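Chain by chain, the residues run as shown.
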Amino acid sequence: MMLHIPGVLTREQVSEMRQALDAEAWTDGLDTAGAQAVQSKRNLQLPPASPLSQRLGQIVADALSRQALFVSAALPHRILPPMFNRYEGGGHYGNHVDGAVHRHPLSGEQVRTDVSTTVFLSDPDEYDGGELVVEDVYGTHEVKLPAGDAIVYPATSLHRVEPVTRGARVASFLWTQSMVKDDWRRSMLFDLDMAIMNLRRQLGDTREIVSLTSHYHNLLRQWADL
Ligand code: NI
């Protein structure tokens, strides 16, 4: 399932972040690339351990955690600290799948990457190219969103970032270990949750809606691994 979440960051948050990020020294994205990515990755990254990356990453993580849509879609168990990248001057990242397990830089625990999230920090008219292209069982999706919006997609999908031929594409990205690792199960729970919420808005807490809600939680109880 791919989900667009508008307005994760306010315009003020985006412009404050961009001012800080545009003044910062970025390093070659290859510093954190695995063997496969070395062939295809050309971008800049903020060193994840830098104080700026940690401060802004916290803002992104807090903003996402407040979004009911994100919580319902990702069912987060552990969230890795958001990172920041920048593509310009032809920068791109060819087709790849993200590494399955990452070590949390603070706690040291292993985190499985089930859900990928990109939060755009450049508006589409600031750059040409730079689409995030995600391939899943339903086909190929091109994503280029307003600054402050997020796209959430399964980390199991093949994806790439097209070359940026004008301007700069700045974004934050992060991985979440979900309570439900299977994308299909997560997506069924999300649909059920959305249907229950809409019904509750229309009808209030009827007996049937309470019963559906209990069904949702019993499914989550069956499928959650913690
Ligand atoms: Ni990736």
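Data block above holds the structure.
Residues numbered from 1 in each chain as written. Predicted model: local features only at pLDDT ≥ 70, side-chain atom pairs only at ≥ 80, totals over all residues. Heavy atoms only, no water.

**Overview of the overall build of the protein**
Let me state the cut-off plainly: Each helix corresponds to a stretch of at least 4 residues labelled H or I by DSSP, and each strand to a stretch of at least 2 residues labelled E; elements are numbered beginning at the N terminus. What the globule rule says is 2.2 Å times the number of residues to the power 0.38, and the radius of gyration is computed from C-alpha atoms. Exposed residues in this analysis have more than 50% of their type's maximum accessible area, buried residues have under 20%, and partly exposed residues fall in between, with area computed by a 1.4 Å probe over protein chains only. By definition, residues are in contact when any of their heavy atoms lie within 4.5 Å. Shrake-Rupley sampling with a 1.4 Å probe provides the accessible areas, and residues are treated as covered by the protein chains on show and by no other component. Charged-residue counts in this description rest on Lys and Arg as positive and Asp and Glu as negative, His and the chain ends being excluded. In this description, the location of a charge corresponds to atom NZ of lysine, CZ of arginine, CG of aspartate or CD of glutamate.
Each helix and strand in the protein was counted, giving 5 helices and 16 strands. Compactness check: the protein gives a C-alpha radius of gyration of 18 Å against a globular reference of 17 Å for 226 residues, within 12% of the reference. For the protein, the spread of C-alpha atoms along the principal axes amounts to about 60 × 35 × 35 Å. Every one of the 226 residues in the protein was classed for burial, and the buried ones make up 46%. For the protein, restricting intrachain contacts to residue pairs at least 6 apart in sequence, the fraction spanning at least 24 positions comes to 77%. On the protein, roughly 11100 Å² of surface is accessible, and the fraction owed to carbon and sulfur atoms is 54%. Taking the average location of the 21 positive side-chain charges in the protein and that of its 28 negative ones, the two points are 4 Å from each other.

**Focus: the coordination of the nickel ion**
Cut-off, in case you're wondering: The donor set covers N, O and S atoms within 2.8 Å of the metal, switching to 3.2 Å for Na, K and Ca, and it leaves out water, so a site may look short of donors.
Taken together, the protein donors to the nickel ion comprise His-96 (NE2), Asp-98 (OD) and His-159 (NE2), at separations of 2.1 Å. Donor residues for the nickel ion sit on one chain with the sequence pattern H-x1-D-x60-H. One end of the pair, His-96, is in strand S7 (residues 92–96); the other, His-159, is in strand S15 (residues 158–161), and 63 residues separate them in sequence. Each member of the pair His-96 and His-159 is classed as buried.

**So, the pairing of strand S12 (residues 132–136)**
The line we're drawing: When DSSP locates at least two bridges between a pair of strands, those strands are taken to pair.
With 5 bridges joining them, S12 and strand S13 (residues 139–143) adopt antiparallel strand pairing. Across the sheet, residue Asp-136 finds its bridge partner in S13, namely Gly-139. Two elements, S12 and S15, share 4 bridges in a ladder whose sense is antiparallel. Note on S15: the bridge partner recorded for Glu-135 is Leu-158.

**Overview of helix H5 (residues 207–223)**
What counts is decided by this rule: A helix is expected to span 1.5 Å multiplied by its residue count minus one. The directions considered for the arc are those from the helix axis to the C-beta atoms.
For H5, spanning 17 residues, the distance from its first C-alpha to its last is 25 Å, which sits close to the expected 24 Å at 1.5 Å a residue. Within the span of H5, buried status applies to Ile-209, Thr-213, Tyr-216 and Leu-220. Down the axis of H5, the buried side of the element spans an arc of 55°, and every buried residue falls inside it. Counted as exposed and oriented over 90 degrees from the buried face of H5: Arg-207, Glu-208, Arg-221 and Gln-222. Buried residues in H5 make contact with helix H4 (183–203).

**As for the sheet that holds S15**
Strand order in the open sheet formed by 5 strands is S3-S7-S15-S12-S13, with antiparallel pairing between adjacent strands. Edge positions in the sheet fall to strand S3 (41–42) and S13, since each has one partner strand and no second. As paired elements, S7 and S15 share 2 bridges and run antiparallel to each other. Within S15, the position partnered with His-96 by the bridge is His-159.

**Observations concerning the pairing of S7**
With 2 bridges joining them, S3 and S7 adopt antiparallel strand pairing. In the strand pairing of S7, Lys-41 is matched with Tyr-93.

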